[in-house]
Amino acid sequence: MGTIESPHTLSQVERTTTSILLVEPEAGDRNLLRATLRSLGFGTIAEAPNHHAALDKFEGRKFTHLIFDAKKGNYPIKEWFTQILEISPHIVAIPTSANPSVDDVFELLLAGARGYLVKPFARDDVDQSVVLATKGEPIPDVVKQARDRNEALVAIIMTSLDRLATVYRQSQQFETAQRELPRAMASLRRASDLALTFAKGGENGLIEAMEKFCVDKSKGPATRLGRLRKRLSSHRGADDVSSET
């Protein structure tokens, strides 16, 4: 995951009170990730060499964060993640993969994961991934209703853009909204980064999906003025029919 400038931060107290479970089959990657998290000031760190063993770690313990390998192993990954969320519904889950564009990672994001982390692990990327997953906005529910992945990604971008536009308008009058602007802008940048990473067909596939979205939007009145024009047009049509009878 490329480093994204973000106004989100975690205080030292927030870092030290985290309890993270690492699920990583490769010992070298597991050791590197554990050492990186400790150097960043994160608190309790537990480990599991596979997904099946990770389930046992939840017996009698609570974790705030879960960083886990998204590759299929000794347990169907989606089924495993669903079980994790049943055990700990508020856990901040971050899948890792050397190829984040694979279908499995995006499916996990739709299922409730809060971010993703690309292998090999770089220190700044680990920090940003954990911070953004903890403090950033979750994927909106409307995305889960999308017909395909690219439509879902466009929905994420447009939702972030709509929120930024709203905050910007409010910032012209309210100081509190001015303070929210950096977060709204960071959310849009993150949505764009997410879309470029996961879009089927790459950048061209994403552009085609955005074009389709805009065309579909243009077919219906998206604004108050547009709705008014549609009503007036309907009334004129009714008047014309009346005058002919």
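Refer to the structure printed above.
Reading the values: rules and limits
Residues numbered from 1 in each chain as written. Predicted model: local features only at pLDDT ≥ 70, side-chain atom pairs only at ≥ 80, totals over all residues. Heavy atoms only, no water. Salt bridge = Lys/Arg side-chain N within 4 Å of Asp/Glu carboxyl O. Helix = DSSP H or I, 4+ residues; strand = E, 2+ residues; numbered from the N terminus. Buried < 20%, exposed > 50% of the residue type's maximum accessible area, 1.4 Å probe, protein only. Core = buried A, V, L, I, M, F, W, Y, C linked by side-chain atoms within 4.5 Å. Contact = heavy atoms within 4.5 Å. Phe/Tyr/Trp six-rings, centres within 6.5 Å; stacked < 30°, edge-to-face > 60°. Pairing = 2+ DSSP bridges. Axes fitted to C-alpha atoms, helices over the stretch in contact; angles between N-to-C directions. Right-handed = clockwise from strand over helix to strand, strands pointing away. Parallel < 35°, antiparallel > 145°, perpendicular 65-115°, else oblique. Nonpolar A, V, L, I, M, F, W, Y, C, P; charged D, E, K, R; others polar.

A. Representation of the pattern of salt bridges in the model. Under the criterion given, the structure shown has 10 salt bridges. Of the charged contacts in the structure, one is a salt bridge between D127 and R15, with a shortest N-O distance of 2.9 Å. Pair noted here: D127 is in helix α6 (residues 123–135) and R15 is in helix α1 (residues 12–16), with a separation of 112 residues, a long-range link. Judged by its relative accessible area of 16%, D127 is buried.

B. Quick peek at the nonpolar core. Counting 46 residues, the largest nonpolar core has L21, L66, F68, W80 and L153 as its most contacted members. Sequence-distant contacts of W80, that is, excluding residues within four places in its chain, are made with V23, H51, A54, L55, L66, F68 and Y75. Counting 17 residues, the second largest nonpolar core, distinct from the first, contains L10, L22, F42 and V92.

C. Looking closely at the packing of aromatic side chains. Within this structure, the stated rule accounts for five aromatic pairs. Taking 5.6 Å as the distance between ring centres and 45° as the angle between the ring planes, the aromatic pair formed by F106 and F198 counts as tilted. Taken together, the positions of F106 in helix α5 (residues 103–111) and F198 in helix α8 (residues 175–198) put the pair 92 residues apart, joining distant regions of the chain. Where Y116 meets F198, the ring centres are 5.1 Å apart and the plane angle is 80°; that geometry is what we call edge-to-face.

D. Local environment of the sheet that holds strand β2 (residues 44–48). With respect to topology, five strands assemble into an open sheet ordered β2-β1-β3-β4-β5, the strand pairing being parallel. Looking at which strands have only one partner, the edges of the open sheet turn out to be β2 and β5 (117–118). Strands β1 (19–23), β2, β3 (65–69) and β5 of the sheet are contacted by helix α2 (residues 27–39), whose axis makes an angle of about 170° with β2. α6 contacts β3, β4 (92–97) and β5 of the sheet and is inclined by roughly 145° relative to β4.

E. Main features of the pairing of β1. Counting buried positions along β1 yields five of five residues, so the element is predominantly enclosed. Of the two faces of β1, the one carrying S19, L21 and V23 and the one carrying I20 and L22 are both buried. Sheet topology note: the β1/β2 ladder contains five bridges and is parallel. If you follow L22 over to β2, its bridge partner there is E47. In this fold, the crossover linking β1 to β2 by way of α2 has right-handed handedness. Two elements, β1 and β3, share four bridges in a ladder whose sense is parallel.

F. Highlighting the side chain of S19. Secondary-structure assignment places S19 in strand β1. Relative accessible area serves as the criterion here: at 12%, S19 is assigned to the buried category. If we ignore the near neighbours within four places in the chain, the residues touching S19 are T44, K62, F63, T64 and H65.

G. Spatial organisation of the packing of α2 against α6. Contact geometry for α2 and α6: axes closest at 10 Å, N-to-C directions at 70°. By the angle class used here, α2 and α6 are roughly perpendicular. Only R123, V126 and V130 of α6 make contact with α2, whose side of the interface consists of L33, T36, L37 and S39. Within the contact of α2 with α6, the residues separate by chemical class into four nonpolar, two polar and one charged.

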